[in-house]
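One-letter residues, chain by chain:
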Amino acid sequence: MALACSRQGTTLVSRRFTSFSPRRVWVCPRGSKGGVTRIVRMSGGEAKHTIDAEGLPYAPEKLERKKDVSWKDFSGVDLRAGRILRVEDFPQMRKPSYKLEVDFGPVVGKLWTSAQVTNYSKEELLGRMVVGTINLGKKKLPTGFISEFLVMGALNPDGTVKLLQLPGDTLEGSCVM
């Protein structure tokens, strides 16, 4: 169950819900200082990533354990090792992001994604081995850019992303289990 908020008059009121309206924007209270953070809900019940240094939305104690999945379902997710070849600024995005080109080896090849990993410098990212989920389908962003995979990382309590690390001698295209 996710926590969202709705506006009643001028007061923000929390409510819990299990289904989401497509492309609905919820404005929620944040912290004791009365600031607000926007959480955008997309169709399918997914929440877009948010960074909130005061509210710490991804603090481990706030995250509910997800339901178990079968091995068959999990093994259908294609996680691969890839090396970042190119990093470009992506100023058209609402949140600070980079465009990343990653080489996933001879079978998959080079794929592009957009990632909110500007807590890393471009120099730190170039040549880095990352884990990518490559079979989630392509996603067209509002800017027209096509994201071809999801780069994997752990979310710090404030929402900044810490990319999963692989040894530098891992081969591009290696399966990650």
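Scoring rules and cut-offs
- Here the residue numbering is sequential within each chain, running from 1 through the sequence in written order.
- It should be noted that, the model being predicted, local features are given only for residues of pLDDT at least 70 and side-chain atom pairs only at 80 or more, the latter also being counted only at that level, while totals for whole chains, interfaces and linings use all residues.
- For the side-chain quantities, the full set of heavy atoms in the structure was used; hydrogens and water were omitted.
- To pair, rings of Phe, Tyr and Trp, with the six-membered ring standing in for Trp, must have centres within 6.5 Å; the planes then decide the type, stacked if under 30 degrees apart, edge-to-face if over 60, and tilted in the middle.
- Counting from the N terminus, the helices are DSSP H or I runs at least four residues long and the strands are E runs at least two residues long.
- Residue burial is assigned from relative accessible area. The probe radius is 1.4 Å, only protein chains are included, and a residue is buried under 20% of its type maximum, exposed over 50%, and partly exposed in between.
- A ring is scored as having a charge over it whenever the NZ atom of a lysine or the CZ atom of an arginine sits within 6 Å of its centre and within 35 degrees of its normal.
- We count a salt bridge whenever a side-chain nitrogen from Lys or Arg sits within 4 Å of a carboxyl oxygen from Asp or Glu.
- A pair of strands is considered paired only if DSSP assigns at least 2 bridges between the two.
- To count toward a patch, a residue needs a relative accessible area over 30% and no salt bridge; like charges are then connected within 9 Å, while nonpolar side chains (Val, Leu, Ile, Met, Phe, Trp, Tyr) are connected within 5 Å.
- Each accessible area is a Shrake-Rupley result for a 1.4 Å probe, and residues are judged covered by the shown protein chains and nothing else.
- Residues belong to a common nonpolar core when they are buried Ala, Val, Leu, Ile, Met, Phe, Trp, Tyr or Cys residues joined through side-chain atoms within 4.5 Å.
- Any two residues whose heavy atoms approach within 4.5 Å are treated as being in contact.
- Each polar contact in these results corresponds to two N or O atoms within 3.5 Å; when the atoms are within protein, one needs to be able to donate a hydrogen and the other to accept it, and residues that are neighboring in sequence are counted only if both atoms are side-chain atoms.

Chemist: An account of the packing of aromatic side chains is needed here, citing residue identities and associated values.
Modeler: Counting across every chain of the model gives 3 aromatic pairs. Pairing Phe90 with Phe145 gives two aromatic rings, centres 5.3 Å apart and planes at 65°, and the pair type is edge-to-face. Residue Phe90 is located in the loop between strand S5 (79–89) and strand S6 (98–103), and its partner Phe145 is located in the loop between strand S9 (139–140) and strand S10 (146–147); the two are separated by 55 residues in the primary sequence. Considered together, Phe90 and Phe145 belong to a single accessibility category, that of buried residues. Directly above the ring of Phe90 sits Lys99, whose terminal nitrogen or CZ lies 4.7 Å from the centroid.

Chemist: Talk me through the pattern of salt bridges; I want residue IDs and the actual numbers.
Modeler: Oppositely charged side chains can pair when the atoms bearing their charge come close. Enumeration over the complete set of coordinates arrives at 6 salt bridges. Of the charged contacts in the structure, one is a salt bridge between Arg83 and Glu172, with a shortest N-O distance of 2.7 Å. Residue Arg83 is found in strand S5, and its partner Glu172 is found in the segment after strand S13 (161–163); the two are separated by 89 residues along the sequence. Note on Arg83: relative accessible area 21%, which makes it partly exposed. A relative accessible area of 26% places Glu172 in the partly exposed class. Between Lys122 and Asp89 there is a salt bridge, with the nearest N and O atoms lying 3.0 Å from each other. Here Lys122, found in helix H3 (residues 122–125), pairs with Asp89, found in strand S5; they are 33 residues apart in sequence, far enough to count as distant.

Chemist: Hey, could you go over the sheet that holds S6 for me, with residue numbers and the actual values?
Modeler: Pairing is antiparallel across the open sheet formed by 5 strands, whose spatial order is S7-S6-S5-S8-S11. On the outer flanks of this sheet lie strand S7 (110–115) and strand S11 (150–151), each paired with one strand and no other. Across 6 bridges, the pairing between S6 and S7 is antiparallel. By the bridge assignment, Tyr98 is partnered in S7 with Ala115.

Chemist: Can you lay out unusual backbone geometry for me, pointing to particular residues and giving the numbers?
Modeler: Phi at Leu56 is positive, roughly 45°, even though this residue is not glycine. In this fold, Leu56 is placed in the loop between strand S4 (35–41) and helix H1 (71–75).

Chemist: Hey, could you go over a nonpolar patch on the surface for me, with residue numbers and the actual values?
Modeler: On the surface, Val69, Trp71, Phe74 and Met177 cluster together into a nonpolar patch covering about 490 Å² of accessible area. With a relative accessible area of 67%, Met177 lands in the exposed category.

Chemist: Give a detailed account of the nonpolar core, specifying residues and quantitative values.
Modeler: Core analysis: the biggest nonpolar cluster contains 17 residues, and Ile84, Leu100, Val102, Val117, Leu125, Phe149 and Leu163 have the highest contact counts within it. Elements with a minimum of two residues in this core: S5, S6, S7 and S13. With 3 residues, S6 is the largest single contributor of residues to this core. Setting aside chain neighbours within four positions, we find Val102 in contact with Gly82, Arg83, Ile84, Leu85, Gly109, Lys110, Leu111, Val130 and Phe149.

Chemist: Outline the environment of Leu164, listing residues and values.
Modeler: On the secondary structure map, Leu164 appears in the segment after S13. Accessibility expressed as a relative area gives 36% for Leu164, which makes it partly exposed. In sequence terms Leu164 and Met129 are 35 residues apart; their C-alpha atoms lie 8.6 Å from each other. Those residues in contact with Leu164 that lie beyond four places of it in its chain are Arg128, Met129, Val130, Val131, Met152, Gly153 and Ala154.

Chemist: Got a sec to walk through the side chain of Ser97? Specific residues and values, please.
Modeler: For Ser97, the position within the fold is in the loop between S5 and S6. You can call Ser97 buried: its relative accessible area is 6%. One polar contact links the side chain of Ser97 to the main-chain carbonyl oxygen of Lys95, over a distance of 2.9 Å. Beyond its immediate chain neighbours, meaning those up to four positions away, Ser97 contacts Glu88, Asp89, Phe90, Ser114, Ala115, Gln116 and Thr118.

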